Amino acid sequence: MTKLGAHISIAGGHHKAIERINAIKGNCLQIFSSSPRGWNFVKLDEMQIQLFNESKNNLRIDPIYFHASYLVNLADDGRIGHLSKQSLINELNLAPLMGVKGSIVHLGSYKGEATPKKYQTLTKNIGEILEKTNSNSLFLIENAGNRKIGQTLEEIGQIVKDVGSNRVKVCLDTCHLFSNGYDLRSDRQLEELLLKFDKYIGIEKLELWHFNDSRDPLNSGRDRHENIGQGEIGLEEFRILLNHPKTKDYPFIIETPGFDGEGPDKKNLDILKSLVK
Ligand SMILES: [Zn+2]
């Protein structure tokens, strides 16, 4: 069965996200561990963790990922870099207790010129996070859409190689790919992308996809998400990804604005399901 899920709010408790994804008929999930716009690191007690695991197992929601805070910048060598590291260390140690596979991370920005020193800070910080966290949790690099770190497969490949850990994997976001000129609206284009991914990163490093349509045209350098079928990408790319033998078994997670503006919803998932052959 196709693994289709959504980014869902944890308001009211982490287990509520499981009930919400089940209510809109998704079978995999992405959540924040705590507020994505602050640095308060979540601490869950045993009861909360147990409640989460019970809901997860009862409703068979799998896999589940964290999405790291939006404030993370691992190329920063000051306070922000330090807090970024601490929040990810906290998250990747919490993940295995909750049956969460790992954290999906926007690496951040070089804030101006990409110097060798800033690059070193970045890879050193990722290395330290991995060193201080549970060996079962994954550090998932998401491709960037808006002139931040990790826009191209070449760039991501370099980082993955230099960090050199089998716990580092990659999440590809369709909107961010589109924003950087990667057009996957034919089988041939998708196959080319996968070949390139294998060449620069290694295809075994691809873990999941974020499914978002794009408000902006191909190669715009912007990363504003749109509901499935309502943006510039259109439905064909999603149809191909959902059915191609080389991609159909990945988890696909939506982060769409929602048809009522309330975030990822059943309608977006239903449209995707209707594309599965
Ligand atoms: Zn995304």
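The structure presented is a predicted model; accordingly, all values stated were derived computationally and were not measured.

Peer 1: Can you walk me through the coordination of the zinc ion in this structure?
Peer 2: Taken together, the protein ligands of the zinc ion are E142 (OE), D173 (OD), H210 (ND1) and E255 (OE), with distances of 2.1 to 2.2 Å. Coordination at the zinc ion comes from four donor atoms whose angles at the metal span 88 to 176°, giving a geometry best classed as irregular. For the zinc ion, the donor residues sit on a single chain with the sequence spacing E-x30-D-x36-H-x44-E. Note that D173 is positioned in strand β6 (residues 168-173) and E255 in the loop between β10 (251-254) and α9 (266-275), a separation of 82 residues in sequence. Summarising the burial analysis for this pair, D173 and E255 share the class buried.

Peer 1: Hey, could you run me through the pattern of salt bridges in this one?
Peer 2: Two side chains carrying opposite charge are able to pair once their charged atoms lie near each other. What the rule picks out here adds up to 13 salt bridges. Between K16 and E19 there is a salt bridge, and its shortest N-O distance comes to 3.9 Å. Note that K16 and E19 are positioned in helix α1 (residues 14-23) at a spacing of three residues, about one turn of the helix. Residue K16 is classed as partly exposed on the basis of its relative accessible area of 32%. Between K266 and D270 there is a salt bridge; the shortest N-O distance is 2.9 Å. Placement of both K266 and D270 in helix α9 is noted, with a separation of four residues, approximately one turn of the helix. Under the relative-accessibility criterion, K266 is labelled partly exposed at 35%. Bridged by salt links that share partners, the residues K85, E128 and K132 form one connected network.

Peer 1: What is the right way to look at the packing of helix α4 (residues 116-131) against helix α5 (residues 153-163) in this model?
Peer 2: Relative placement of two packed helices is described by the angle separating their axes and the distance separating the axes. Where α4 contacts α5, the axes come no closer than 10 Å and their chain directions differ by 55°. Judged by the angle between their axes, α4 and α5 are oblique. Of the two elements, α4 crosses α5, and the hand of that crossing is right-handed. Contact with α4, carried on its side by Y119, L122, T123, I126 and L130, involves Q158, I159, D162 and V163 of α5 and no other residues of that element. Here the contact of α4 with α5 is built from residues that sort into six nonpolar, two polar and one charged.

Peer 1: I'm lost on empty space enclosed by the protein in this one. Help?
Peer 2: Take a probe with the size of a water molecule and roll it over the atoms, and the empty space left behind shows itself. In this structure the tally under the stated criterion is one cavity of 30 Å³ or more. There is about 100 Å³ of room inside the largest cavity. The wall of the largest cavity is formed by 16 residues, among which S33, S34, S69, S87 and E91 lie closest to the centre. Of all the elements, helix α3 (residues 79-94) adds the most residues to the lining of the largest cavity, at three residues. The residue inventory of the lining of the largest cavity, partitioned by class, reads six nonpolar, nine polar and one charged.

Peer 1: For this particular structure, what's the right way to read the sheet that holds strand β3 (residues 64-67)?
Peer 2: Strand pairs in the sheet, formed through backbone hydrogen bonds, run parallel or antiparallel to each other. Reading around the circumference, β1-β2-β3-β4-β5-β6-β7-β10 is the order of the eight strands in this closed barrel, with parallel pairing throughout. With strand direction ignored, the average angle separating the axes of adjacent strands in the sheet is 30°. Pairing between strand β1 (residues 3-7) and β10: four bridges, direction parallel. By the bridge assignment for β10, A6 is matched with I254. Strands β5 (138-142) and β6 of the sheet are contacted by α5, whose axis makes an angle of about 165° with β6. Each of β1, β7 (206-211) and β10 touches α9; the most contacted strand, β1, lies at about 160° to it.

Peer 1: Hey, could you run me through the nonpolar core in this one?
Peer 2: Nonpolar side chains in soluble globular proteins tend to be buried together. Formed by 71 residues in total, the largest nonpolar core has its most connected members in L74, L107, I126, F139, W209 and F211. Per-element tally for this core: the top contributor is α5, with five residues. With near-sequence residues (within four places) excluded, L74 lies in contact with S84, K85, L88, V105, L107, T121, L122, N125, I126, I129 and F139. Within the second largest apolar cluster, eight residues are counted, among which are Y65, L138, L140 and C171.

Peer 1: What am I meant to see in the environment of P264 here?
Peer 2: Relative to the helices and strands, P264 resides in the loop between β10 and α9. With 149 residues separating them in the primary sequence, P264 and T115 have C-alpha atoms 37 Å apart. Each residue touching P264, except ones within four places of it in the same chain, is listed here: A6, H7, I8, I24, I254, E255 and T256.

Conventions and cut-offs
- Residues numbered from 1 in each chain as written.
- Predicted model: local features only at pLDDT ≥ 70, side-chain atom pairs only at ≥ 80, totals over all residues.
- Heavy atoms only, no water.
- Donors = N, O, S within 2.8 Å, 3.2 Å for Na, K, Ca; no water.
- Tetrahedral: all angles 85-135°; square planar, octahedral: opposite > 155°, others 65-115°.
- Helix = DSSP H or I, 4+ residues; strand = E, 2+ residues; numbered from the N terminus.
- Buried < 20%, exposed > 50% of the residue type's maximum accessible area, 1.4 Å probe, protein only.
- Salt bridge = Lys/Arg side-chain N within 4 Å of Asp/Glu carboxyl O.
- Axes fitted to C-alpha atoms, helices over the stretch in contact; angles between N-to-C directions.
- Parallel < 35°, antiparallel > 145°, perpendicular 65-115°, else oblique.
- Left-handed = near helix turned anticlockwise from the far one by under 90°.
- Contact = heavy atoms within 4.5 Å.
- Nonpolar A, V, L, I, M, F, W, Y, C, P; charged D, E, K, R; others polar.
- 1 Å grid on protein atoms, 1.4 Å probe; cavity = no way out; pocket = protein on both sides within 12 Å on 5 of 7 lines; lining within 4 Å.
- Points joined across faces, edges and corners; volume = space filled by probe spheres on them.
- Pairing = 2+ DSSP bridges.
- Core = buried A, V, L, I, M, F, W, Y, C linked by side-chain atoms within 4.5 Å.

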